[in-house]
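The primary structure of each chain is shown beneath.
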Amino acid sequence: PLSDFVEQTFNHFYLLIEDPSKPRFSYSTCPIPGTTRLMNLTHFTELQDSGRHLLIVQTESPKADVPALFKEIQAQGLVEETATLLQWEFCSYSRYNSMEEVLEKLGRGRSLFQMLDTYRFIALAGSVGRWKGALGNGER
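Residues numbered from 1 in each chain as written. Predicted model: local features only at pLDDT ≥ 70, side-chain atom pairs only at ≥ 80, totals over all residues. Heavy atoms only, no water.

**Some remarks on the overall build of the chain**
Then, number 1: A tally of regular secondary structure across the chain gives four helices and five strands.
Then, number 2: Moving toward the C terminus, one meets the helices and strands of the chain in the order β-β-β-β-α-β-α-α-α.
Then, number 3: Within the span of the chain, comprising 140 residues, buried residues form 36% of the whole.
Then, number 4: Look at the contacts in the chain between residues 6 or more apart in sequence, and 66% of them connect residues 24 or more apart.
Then, number 5: Only carbon and sulfur atoms are counted for the fraction: they give 51% of the accessible area of the chain, which is about 8,500 Å². (Helix = DSSP H or I, 4+ residues; strand = E, 2+ residues; numbered from the N terminus. Buried < 20%, exposed > 50% of the residue type's maximum accessible area, 1.4 Å probe, protein only. Contact = heavy atoms within 4.5 Å. Areas by Shrake-Rupley, 256 points an atom, 1.4 Å probe, with all protein chains shown as cover.)

**Some thoughts on the packing of aromatic side chains**
Then, number 1: Applying the stated rule across the entire model yields two aromatic pairs.
Then, number 2: Here the aromatic cluster, defined as three or more aromatic residues joined through ring pairs, consists of Phe13, Trp88 and Phe90. (Phe/Tyr/Trp six-rings, centres within 6.5 Å; stacked < 30°, edge-to-face > 60°.)

**Describing the pairing of strand β4 (residues 52-59)**
Then, number 1: Most of β4 is tucked away, with seven of its eight residues classed as buried.
Then, number 2: Pairing between strand β1 (residues 7-18) and β4: eight bridges, direction antiparallel. By the bridge assignment, Leu15 is partnered in β4 with Leu55.
Then, number 3: Relative to β4, strand β3 (residues 35-40) runs antiparallel, the two sharing five bridges. Within the sheet, the bridge partner assigned to Asn40 lies in β4 and is Leu55. (Pairing = 2+ DSSP bridges.)

**Quick look at a nonpolar patch on the surface**
Then, number 1: On the surface, Leu106, Leu112 and Phe113 cluster together to form a nonpolar patch covering roughly 330 Å² of accessible area.
Then, number 2: Checked against the element boundaries, Leu106 lands in helix α2 (residues 99-106). (Patch = residues over 30% accessible without salt bridge, like charges linked within 9 Å, V, L, I, M, F, W, Y side chains within 5 Å. Salt bridge = Lys/Arg side-chain N within 4 Å of Asp/Glu carboxyl O.)

**Observations concerning the pattern of salt bridges**
Then, number 1: In total, this model carries two salt bridges according to the counting rule given.
Then, number 2: With its nearest N and O atoms 2.5 Å apart, the salt bridge here joins Arg24 to Glu80. One end of the pair, Arg24, is in the loop between β1 and β2 (27-28); the other, Glu80, is in the loop between α1 (66-75) and β5 (84-96), and 56 residues separate them in sequence.
Then, number 3: Residue classification places Arg24 among the partly exposed positions, given a relative accessible area of 42%.
Then, number 4: Under the relative-accessibility criterion, Glu80 is labelled partly exposed at 26%.

**Focus on α1**
Then, number 1: For α1, the full list of buried residues reads Val66, Leu69, Phe70, Ile73 and Gln74. Buried residues of α1, viewed axially, fall in a sector of 145 degrees; they line one side. Among the exposed residues of α1, those pointing more than 90 degrees away from its buried face are Lys71 and Ala75.
Then, number 2: Within two residues after α1, Gly77 carries a phi angle of roughly 80 degrees, on the positive side. (Arc of directions from axis to C-beta.)

**Describing the side chain of Ser28**
Then, number 1: As for its placement among the helices and strands, Ser28 is situated in strand β2.
Then, number 2: The contacts of Ser28, once residues within four sequence positions are left out, are Arg37 and Leu38.

**A short note on the pairing of β3**
Then, number 1: Burial within β3 is extensive, with five of its six residues counted as buried.
Then, number 2: One ladder, built from two bridges, connects β2 with β3; its direction is antiparallel. Considered in β3, the bridge of Tyr27 is made with Met39.

The following block contains the structure:
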């Protein structure tokens, strides 16, 4: 049964910001309280050179105060002080101690799930194309 597996949940907030400066980082184990890492995926999207950035903030809680987090990101100098938060969206990802074993037990139901490797940044960046496709090329 699924209860035999240890679940880990990763809370991600996707922030679309307006910032005329070039991205100042790609990955940071963030010093901001309540966060575990911060990623700027602008280089991996069509946003590059558009004055907009796509940030992902992984938080300890799904109830994080996004505007306050954004102000702290600005205070840390990770984006321009004049940057503006345009919109944000929350996604939660779960993983189990052995997801392959869980999926094997699902049999044909396995095709209903997509596994994301959120530990390695390069693997996470590889998912951008799929996300854009699911979101209709990011236009909302």
